[in-house]
Structures are given as C-alpha cells and as structure tokens.
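The primary structure of each chain is shown beneath.
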Amino acid sequence: MQLRILQIIVASVKQDTVVILTKFLMLNNHSTSSIEHIRDVFRQKKQLFSRKRQAIVEILLSHNKPMSAYEIAEQYLLDEGKVIAPMSVYRIIDTLISLDIVHKVHSINKFIACTHLTCQNSHGLLMLFICKTCKKVYESTINPTMLQSFISNILPNGYHTTKEPLEIQCICEECHV
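Now for a quick tour of the structure. Since this is a predicted model, take the numbers as computed values, not measurements.

Topic: the overall build of the protein chain
Here's step 1: Within the protein chain, the regular secondary structure consists of 6 helices and 5 strands.
Here's step 2: Seen in sequence order, the protein chain has helices and strands lined up from the N terminus as α-α-α-α-α-β-β-β-β-α-β.
Here's step 3: In the protein chain, buried positions account for 39% of the 177 residues.
Here's step 4: Restricting the contact set of the protein chain to residue pairs at least 6 apart, pairs at least 24 apart contribute 54%.
Here's step 5: When the accessible surface of the protein chain is split by element, carbon and sulfur atoms take 57% of a total near 10800 Å².

Here's the deal with the sheet that holds strand E3 (residues 125–131)
Here's step 1: Judged by pairing direction, the sheet is mixed, and its 3 strands sit side by side in the order E4-E3-E5 without closing on themselves. With one partner strand each, in any of the chains shown, strand E4 (137–142) and strand E5 (166–170) form the two edges of the open sheet. On average, adjacent strands in this sheet sit at an angle of 25° to one another, irrespective of strand direction.
Here's step 2: Alignment of E3 against E4, held across 6 bridges, turns out to be antiparallel. Along E4, the bridge assignment pairs Met 127 with Ser 140.

Observations regarding the nonpolar core
Here's step 1: Ranked by size, the top nonpolar core spans 28 residues in total, and within it Ile 56, Ile 93, Leu 96 and Ile 101 carry the most contacts.
Here's step 2: At the level of elements, helix H2 (17–44), helix H3 (51–61), helix H4 (69–80), helix H5 (86–98) and strand E2 (110–113) are the ones that each hand at least two residues to this core.
Here's step 3: Among the elements that make up this core, the one with the highest residue count is H3 (6 residues).
Here's step 4: Those residues in contact with Ile 56 that sit more than four places away from it in its chain are Ile 72, Tyr 76, Ile 84, Val 89, Ile 92, Ile 93 and Leu 96.

With respect to the pattern of salt bridges
Pairs may arise between side chains of opposite charge once their charged atoms sit close together.
Here's step 1: One pass over the full model with this rule turns up 6 salt bridges.
Here's step 2: The closest approach of N and O atoms between Glu 80 and Arg 51, which form a salt bridge, is 2.8 Å. Taken together, the residues Glu 80 in helix H4 and Arg 51 in helix H3 connect sequence positions 29 residues apart.
Here's step 3: Note that Glu 71 is salt-bridged to Lys 110, the shortest N-O span being 3.4 Å. Remark: Lys 110 occurs in strand E2 and Glu 71 occurs in helix H4; sequence separation between them is 39 residues.
Here's step 4: Here Lys 110 falls in the partly exposed class, since its relative accessible area comes to 22%.
Here's step 5: In this structure, a network of salt bridges that share partners links the residues Arg 51, Glu 58 and Glu 80.

About the cut-offs
Residues numbered from 1 in each chain as written. Predicted model: local features only at pLDDT ≥ 70, side-chain atom pairs only at ≥ 80, totals over all residues. Heavy atoms only, no water. Helix = DSSP H or I, 4+ residues; strand = E, 2+ residues; numbered from the N terminus. Buried < 20%, exposed > 50% of the residue type's maximum accessible area, 1.4 Å probe, protein only. Contact = heavy atoms within 4.5 Å. Areas by Shrake-Rupley, 256 points an atom, 1.4 Å probe, with all protein chains shown as cover. Pairing = 2+ DSSP bridges. Axes fitted to C-alpha atoms, helices over the stretch in contact; angles between N-to-C directions. Core = buried A, V, L, I, M, F, W, Y, C linked by side-chain atoms within 4.5 Å. Salt bridge = Lys/Arg side-chain N within 4 Å of Asp/Glu carboxyl O.

The analysis is restricted to geometry; functional conclusions fall outside its scope.
Dropping the structure here:
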C-alpha cells in the first residue's frame, strides 16, 4: 500500500498538490477493504486479479468522476510508468463490469467503480444520478419491492428491465446555484 501511494505521488509530482493529496485520501478510504473484496471476487470466479486489473480498479477508485478508457490509459501511464492500450483497458473493464465491480455510464460512455463493492446485499435495479454540469455520478438502487411496483405500473406489457443501470440526468448540490 505504501509503495503504491509513493508511486502515485512520484507520478503526480508534475501536477497540483491538491491532486496528490486527493489521490492519497481516496486510496486510503477505498483501497484496503475494496481491493481485498475484489481479490476475493476474482478468486471465487477462478479468475486472475492481475497487476493491470488491480491498477485499473485503483485508478477508478481514486477518482470521483467517471473516466473514459483513454483517460484511464493516461492515468495508468502516470501511475505505472507504462503504456496500456485503450483496447486493453476496454477488455479489463469488460471483465470488471461482468463481476459488478465497475459500472458503465452509457450516456457519457465512461466507467465508474461500484460504490457498493463490499456490500453483500442484492439491491435491485441500479440507478446512476449524473450531474449534467460536472459529470459526477451518485450510485443508488431501487429496492426489489419498489422495482416490482415500478415494472408492473410503468413499463408496458412485454418489456423487461435489463441489468443496465437506470441513468438519471440531474444537477448535483455543488453545481446547483
């Protein structure tokens, strides 16, 4: 953990002090329990949690906004000192999405780490509230009972919800003036 923080600080020296501090705080808040949980998920699914996969997860955990594959690749270069092709990022992201570790924000074609990583409960339909101004995303869910009511009262007969998140465009408290 300390080596990882040091790598991020060294890679970010050219950037603002605020960026360095933010990354340090974000990694400390998420990294230990989230990364261990993700490692367990990979073990249970008999998949390899490679260094590249871990680096991509850490990048997404350390940012509070959704990121594109190209932004992730750029951050990977800063953090790891190595180039990763955006197509490799997409393949890794696909794996992370299939394991419910990352969500795709379809309306802006970006990705965000799940905020319920260590929660063991089934939450129903995923909702992503996306600020139209700053693009920050808040993750929430509709509980299964409300979801059933929603489906039976609103959706026309014959339509079914998918695993894709329900995206709601809004304006966050910080941007609301």
